[in-house]
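So the chains spell out like this:
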Amino acid sequence: MIGVSLLIWTIVVYIAMRKLYARFYFPLLVPVATSTVVIIITLSLFHLSYEQYMTGGKWLAHLLGPAVVALALPLYQHRHTLKQFLWPLLCSTFFGTIIGMGSGLLFARLFHLPEQIVRSIIPKSVTSPVAMDIAKLIAGIPTLAAVYVMIAGIFGAMFGPIIFQRLHITTALGIGSGLGAASHGIGTAKALEIGKKEAAISSVAMTLSAIFASLLCPLLLLL
Amino acid sequence: MGITVIQIGGLYALYMIGSFIQQLLHVPIPGSMIGMLLLFLLLMTGIVKEKWVARGANMLLSHLTLLFIPATVGVMDYVELFSGKGIWSVVIVIVSTMMVMVFAGFIGQWAQTREQKRVREVKGA
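Just so we're clear, the structure is a prediction, and the values are computed from it rather than from any experiment.

What to know about empty space enclosed by the protein
A water-sized probe rolled over the atoms picks out the places where empty space is left.
And step 1. Under the criterion given, the structure shown has one cavity of 30 Å³ or more.
And step 2. Considered as a void within the structure, the largest cavity measures approximately 50 Å³ in volume.
And step 3. For the largest cavity, the full set of lining residues is V30, P31, V32, A157, I186, A189, K190 and E193 of chain A together with T65 of chain B.
And step 4. Elements represented by at least two residues in the lining of the largest cavity include exactly helix 2 (31-45) and helix 11 (172-194) of chain A.
And step 5. Among the elements that take part in the lining of the largest cavity, helix 11 of chain A stands out by supplying four residues, more than any other.
And step 6. Taken domain by domain, the makeup of the lining of the largest cavity includes at least three residues from each of domain 1 (2-62) and domain 2 (70-220) of chain A.

Here's the deal with helix 9 (residues 128-137) of chain A
Three- or four-residue spacings in an α-helix give side chains the same orientation, since the helix completes a turn every 3.6 residues.
And step 1. Residues of helix 9 of chain A that are buried: S128, V130, A131, I134 and A135 of chain A. All buried residues of helix 9 of chain A fall inside an arc of 155 degrees around its axis, so they share one side. Of the residues in helix 9 of chain A, the exposed ones pointing more than 90 degrees away from the buried face are K136 and L137 of chain A.
And step 2. The inward-facing, buried residues of helix 9 of chain A contact helix 10 (142-166) and helix 12 (196-220) of chain A together with helix 2 (31-44) of chain B.
And step 3. Two residues or fewer past helix 9 of chain A, A139 of chain A is found with a positive phi of approximately 65 degrees.

Some points on the interface of chain B and chain A
And step 1. Counting from both sides, the interface comprises 67 residues of chain B and, opposite them, 96 residues of chain A.
And step 2. For the chain B and chain A pair, buried surface summed over both sides reaches about 7,500 Å², with 81% attributable to carbon and sulfur atoms.
And step 3. Ranking the residues of chain B by area buried against chain A places M36, F68 and M101 of chain B at the top, with a combined share of 9%.
And step 4. Applying the counting criterion to the chain B and chain A interface returns zero salt bridges.

Details of a nonpolar patch on the surface
And step 1. Residues L106, L110 and F111 of chain A together with V79, F82, I87, W88, V91, V95 and M99 of chain B make up a contiguous nonpolar surface patch of roughly 840 Å² in combined accessible area.
And step 2. Of all elements in the fold, only helix 7 (86-110) of chain A together with helix 5 (87-124) of chain B reach the threshold of two or more residues within the nonpolar patch.
And step 3. Broken down by element, the residue count for the nonpolar patch peaks at five residues, all from helix 5 of chain B.
And step 4. Within the secondary structure, W88 of chain B sits in helix 5.

Remarks on unusual backbone geometry
All names here are of chain A.
And step 1. Here H112, not a glycine, exhibits a phi torsion of approximately 50 degrees, which is positive.
And step 2. Residue position: H112 is located in the loop between helix 7 and helix 8 (115-121).
And step 3. By relative accessible area, H112 is classed as exposed at 63%.
And step 4. Backbone geometry at H184 places phi at a positive 40 degrees, although glycine is not the residue there.
And step 5. Note on H184: relative accessible area 1%, which makes it buried.

Digging into the nonpolar core
And step 1. One finds L43, Y53, I122 and Y148 of chain A together with L11, L39 and V73 of chain B to be the most contacted residues of the largest nonpolar core, which totals 95 residues.
And step 2. The greatest single-element share of this core, amounting to 11 residues, is contributed by helix 12 of chain A.
And step 3. Dropping the residues within four chain positions of it, L43 of chain A is found in contact with L6, L48 and Y53 of chain A together with V73 and M76 of chain B.
And step 4. With 11 residues, the next largest nonpolar core counts F164, I169, A182 and A191 of chain A among its residues.

Considering the UniProt feature "transmembrane region" (unreviewed entry) in chain A
Residue and element names in this part refer to chain A.
And step 1. Feature annotation in UniProt places "transmembrane region" (unreviewed entry) on residues 24-47, 59-76, 85-108, 137-160, 167-187 and 199-222, given in this structure's numbering.
And step 2. With 96% helix and 0% strand, residues 85-108 has end C-alpha atoms that lie 34 Å from one another.
And step 3. Counted over residues 137-160, helix gives 83% and strand 0%. Its end C-alpha atoms are 30 Å apart.

Cut-offs applied
Residues numbered from 1 in each chain as written. Chains lettered and ligands numbered in written order. Predicted model: local features only at pLDDT ≥ 70, side-chain atom pairs only at ≥ 80, totals over all residues. Heavy atoms only, no water. 1 Å grid on protein atoms, 1.4 Å probe; cavity = no way out; pocket = protein on both sides within 12 Å on 5 of 7 lines; lining within 4 Å. Points joined across faces, edges and corners; volume = space filled by probe spheres on them. Helix = DSSP H or I, 4+ residues; strand = E, 2+ residues; numbered from the N terminus. Domains from an automatic or database assignment. Buried < 20%, exposed > 50% of the residue type's maximum accessible area, 1.4 Å probe, protein only. Arc of directions from axis to C-beta. Contact = heavy atoms within 4.5 Å. Buried area = accessible area lost by both parts, 1.4 Å probe. Salt bridge = Lys/Arg side-chain N within 4 Å of Asp/Glu carboxyl O. Patch = residues over 30% accessible without salt bridge, like charges linked within 9 Å, V, L, I, M, F, W, Y side chains within 5 Å. Areas by Shrake-Rupley, 256 points an atom, 1.4 Å probe, with all protein chains shown as cover. Core = buried A, V, L, I, M, F, W, Y, C linked by side-chain atoms within 4.5 Å. UniProt positions renumbered as here; feature names shortened; annotations may be inferred.

What follows is the structure in structure tokens.
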């Protein structure tokens, strides 16, 4: 019963936060962030744990798998664009992945963070199921890795559009590869708000960086 | 509505098949990604028609943000990260994310502009 109420509450909060965002269109109000904050506040007000929340929340999380499968549709619809820009996409995501993992590793070492945290930070730019697998593979903490993935996603969705505006990145390929390579699925959800073409490119960028990261991560730690 | 639900069921089946393949082959790519590649191939070969999945897929994709919320709420079990030395890990993640965003964005932009110029030149010649 509590699960069902929390599920309904999540949907209600999401709809309300979408309306709020549509009204003010201010980056800090991006729905994934505001909804998360409102739900966490609700849970702590009622002294509910994350485990209890997930008895309802898992039904939404279950749909994440088929939603990733559904990304094949924009991929298919924009297959000509993707074919035309295959090489640039491979380049931007390959180097994007290296910069993401490399800078995470470097900064974390510079700040003398505990080794397990360092290893959980490295896969933060890729979609959470892959990041958790990578973290497991390199002796990080999978759940912590998922938290960093969410932070990368939320902040990317919040500030990506501002960064693109400031740096005059206006083309679909620029916006799509930036959001997909840096902020995976959450970035792709943001790209979908901007346009279908951006979303298609973003989903390719996200897929490619997940593949590159799984291949490169074990190598990176050998350095 | 019924059609949408059935189509989502179909996408779910592809996800299950993808996960099955992942476990079978022990590849470090998640099942959902394998399912996506599978659907892409099915669409490309014409075995699956676009309209068979379009409604369900668009339904899921237009509410992708909602589906991420249960995962992001998981941050609540790690609030201690946001106090003390742990806050640096959060700062690092944000800075590094912005670096990727700028870099990948620039390469993408540069490549597209160059490609479009090339296409124009070819057409002009």
